[in-house]
Amino acid sequence: MNSPSSSRQRIIVGISGASGIVYGITALKQLKQLGIETHLVVSKSAIVTLAHECDMKYAELCALADVHYQSTDIGAAISSGSFRTLGMLVAPCSIRTLGEISTGVTSSLLSRAADVVLKERRRLVLLVRETPLHAGHLQSMLNVTQAGAVVMPPVPAFYAKPATVQDIVDQTVGRALDLFGLDSGIQRWGEA
């Protein structure tokens, strides 16, 4: 774990083991450009996904954040409601992580931090990355929504006429950051 560099606005970024780790990587990069202090927690499964989906090493991923924590560090600052943040973005969010958050029965720092964000009535945005969905998945989504989270499956916006996969990812992450009141400069409907 490294130490925060200042008292800037903070956001927690969780990366779970679902496919789509590029969403978390892109969020960290966009937040850095916006001057937001990032606190990163990566699940054990996400480390495996990283190796399959990117050329980036785990240490390089952690270096994108201002502070990073081991998923087993349940005593970390982000596990306490007294640690002030804008909230938490889980990108991508696996069904397992969704299930833990929806029940409040947490097994890692990632799901614990999300639970704390909910209990403190802060913004929690989950980029749930699964399809198709069965009734249990939908029930978990309903449960977290009723608890105050925003479920935001990463659905592309084609009106922006993306030319690359990264364009699609950038637009999706930008929309997620909008939910925290952060403007990453994405193209918006009805704007040139």
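The structure we're discussing is the one just above.
Comments concerning the overall build of the protein chain
A count of helices and strands for the protein chain gives seven helices and six strands. The N-to-C order of helical and strand elements in the protein chain reads β-α-β-α-α-β-β-α-α-β-α-β-α. Taken against the 2.2 N^0.38 rule, which gives 16 Å for 192 residues, the C-alpha radius of gyration of the protein chain at 15 Å falls within 12% of a compact globule. If one aligns the C-alpha atoms of the protein chain with their principal axes, the spans along those axes are about 45 × 45 × 35 Å. Partitioning the contacts of the protein chain with sequence separation of at least 6, the portion at a separation of at least 24 is 77%. When the accessible surface of the protein chain is totalled, it reaches about 9,300 Å², and 53% of it is carbon and sulfur. Distance from the positive charge centre (17 side chains) to the negative charge centre (15 side chains) of the protein chain: 5 Å.

What to know about the packing of helix α4 (residues 95-103) against helix α5 (residues 109-119)
Two elements in contact, α4 and α5, have axes separated by 9 Å at closest approach and are oriented at 40°. The pairing of α4 with α5 is recorded here as oblique in orientation. Taken as a pair, α4 and α5 cross one another with a handedness that is right-handed. Contacts between α4 and α5 pair Thr97, Glu100 and Ile101 from the former with Leu110, Ser111, Ala114 and Leu118 from the latter. Broken down by class, the residue content of the contact of α4 with α5 amounts to four nonpolar, two polar and one charged.

Focus on helix α2 (residues 44-53)
Residues spaced three or four apart along an α-helix point in a common direction, a consequence of the helix completing one turn every 3.6 residues. Taken together, the buried positions of α2 are Ala46, Thr49 and Leu50. Burial along α2 is one-sided: seen end-on, the buried residues are contained in an arc of 110°. For α2, exposure combined with an orientation more than 90 degrees from the buried face picks out Lys44, Ala51 and His52. Tucked inside the fold, the buried residues of α2 contact β1 (10-15), α1 (21-33), β2 (37-42) and α3 (58-63).

So, unusual backbone geometry
A cis amide bond, omega -5°, links Ala91 with the succeeding residue Pro92. Topologically, Pro92 is positioned in strand β4 (residues 87-93). In this model, Thr131 is joined to Pro132 through a cis peptide bond whose omega is -10°. Along the chain, Pro132 falls in the loop between β5 (123-128) and α6 (135-147). Even without glycine at this site, Lys161 takes up a positive phi of about 50°. Its location among the elements puts Lys161 in the loop between β6 (150-151) and α7 (165-178).

Calculation notes
Residues numbered from 1 in each chain as written. Predicted model: local features only at pLDDT ≥ 70, side-chain atom pairs only at ≥ 80, totals over all residues. Heavy atoms only, no water. Helix = DSSP H or I, 4+ residues; strand = E, 2+ residues; numbered from the N terminus. Rg over C-alpha atoms; globule rule 2.2 N^0.38 Å. Contact = heavy atoms within 4.5 Å. Areas by Shrake-Rupley, 256 points an atom, 1.4 Å probe, with all protein chains shown as cover. Lys, Arg positive; Asp, Glu negative; His and termini not counted. Charge placed at Lys NZ, Arg CZ, Asp CG, Glu CD. Axes fitted to C-alpha atoms, helices over the stretch in contact; angles between N-to-C directions. Parallel < 35°, antiparallel > 145°, perpendicular 65-115°, else oblique. Left-handed = near helix turned anticlockwise from the far one by under 90°. Nonpolar A, V, L, I, M, F, W, Y, C, P; charged D, E, K, R; others polar. Buried < 20%, exposed > 50% of the residue type's maximum accessible area, 1.4 Å probe, protein only. Arc of directions from axis to C-beta.

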